[in-house]
Amino acid sequence: MQLQTSTWVETEEYLKRNNGIVVPIGSTEQHGPTGLIGTDAICPEVIAKAAGDEADILVAPTFSVGCAQHHMAFKGSMTLRPSTMIATIVDWVTSLRRHGFTRIYFLNGHGGNIATIEAAFSEIYADASLSGGEDPLVCKLRNWWELGEVMAFCKKTYGAAHGSHATPSEVAVTYFAYPEKLSNQELSPKIAPNGRFTDAADYRRNFPDGRIGSNPSLATVADGETLVRMAKKALIKEFEGFAAS
Ligand code: NI
């Protein structure tokens, strides 16, 4: 069930049986010369939608622009400052809370969002703490690649070519969602360099084609289908436990 394609009447009915909602959250940033700019938003969106189609889970709109300042030297990337993102997450959660949602499950697709999402949760909890009140609201963060057997599959299938940015697993999920975007282009070097970065100029200097440690040309539509199935199964189980807690 998708919030965007539900009516308020259906949402009110849902809230009588479930106080939980999944919010896919990602980023709009370059993913190497062959990866889609929306990869980090598309992955949690596709997995959450699959879960919401199969189980009684309401899925919020995708929070699709995140913390991507380090990708800004590549065309098309968009970013929020951490402070803007915190304020925006607080407003999204406060809106949902007003309607009675007390279990907000963020399914994340971008490692660079983690610290900021956690900081937003602290802002949200601080409201009750500082006012001396109490609120049953619980926010949860889960990265999609931590779900179920996903990481074990990535290690077994891609080994050292998985890397950490523009990974074959995330690219495979986007190919499953948009098979017309499949690219067989060979990249050079096959496996991108590893390392650290600070700002956008530093990132571009160290990782000239945008990838970090990965070989996304290993990605296939079939792998994407497997990854979505594995992640969906684990998401349904974990969300149901969370919503009932
Ligand atoms: Ni990514």
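Let me begin by describing the structure that accompanies this report. It should be emphasised that the depicted structure is a prediction, and the values quoted were computed from it without experimental measurement.

Looking at the overall build of the protein
So, point 1. Helices and strands together make up the secondary structure of the protein, namely eight helices and three strands.
So, point 2. Counted from the first residue to the last, the protein has its helices and strands arranged as α-β-α-α-β-α-β-α-α-α-α.
So, point 3. In terms of overall size, the protein behaves like a compact globule, its C-alpha atoms giving a radius of gyration of 18 Å where 245 residues would be expected to give roughly 18 Å.
So, point 4. Along the first, second and third principal axes, the C-alpha atoms of the protein reach 55 × 35 × 30 Å.
So, point 5. Counting only residues that meet the buried cut, the protein has 50% of its 245 residues in that class.
So, point 6. In the protein, 75% of the contacts between residues at least 6 apart in sequence involve partners at least 24 apart.
So, point 7. Taken as two groups, the 22 positive and 27 negative side-chain charges of the protein have centres that lie 4 Å from each other.

Considerations on unusual backbone geometry
So, point 1. Looking along the chain, the bond that leaves S188 and enters P189 is cis, with omega of -5 degrees.
So, point 2. Along the chain, the position of P189 falls in the loop between α6 (168-177) and α7 (200-206).
So, point 3. One non-glycine residue with positive phi stands out, namely A166, at about 60 degrees.
So, point 4. For A166, the location among the structural elements is in the loop between α5 (150-158) and α6.

Things to note about the coordination of the nickel ion
So, point 1. Donor atoms from the polypeptide that coordinate the nickel ion comprise H31 (NE2), D40 (OD) and E170 (OE), at 1.9 to 2.1 Å from the metal.
So, point 2. Ordering the donors of the nickel ion by residue number gives the pattern H-x8-D-x129-E.
So, point 3. Look at D40 and you get buried, because its relative accessible area is 2%.

Focus on the environment of E134
So, point 1. Mapped onto the secondary structure, E134 falls in the loop between α4 (114-131) and β3 (138-143).
So, point 2. According to the relative accessible area criterion, E134 is exposed, its value standing at 81%.
So, point 3. Separated by 65 residues in sequence, E134 and D199 have C-alpha atoms that sit 40 Å apart.

A word on the pairing of strand β2 (residues 103-108)
So, point 1. Counted residue by residue, β2 has six buried out of six residues, so it is predominantly covered.
So, point 2. By the alternation rule, side chains of β2 split into R103, Y105 and L107 and I104, F106 and N108, which are all buried.
So, point 3. Both strand β1 (residues 20-25) and β2 contribute to a ladder of six bridges, which runs parallel. The residue of β2 that forms the bridge with I25 is N108.
So, point 4. Across six bridges, the pairing between β2 and β3 is parallel.

What counts and what doesn't
Residues numbered from 1 in each chain as written. Predicted model: local features only at pLDDT ≥ 70, side-chain atom pairs only at ≥ 80, totals over all residues. Heavy atoms only, no water. Helix = DSSP H or I, 4+ residues; strand = E, 2+ residues; numbered from the N terminus. Rg over C-alpha atoms; globule rule 2.2 N^0.38 Å. Buried < 20%, exposed > 50% of the residue type's maximum accessible area, 1.4 Å probe, protein only. Contact = heavy atoms within 4.5 Å. Lys, Arg positive; Asp, Glu negative; His and termini not counted. Charge placed at Lys NZ, Arg CZ, Asp CG, Glu CD. Donors = N, O, S within 2.8 Å, 3.2 Å for Na, K, Ca; no water. Pairing = 2+ DSSP bridges.

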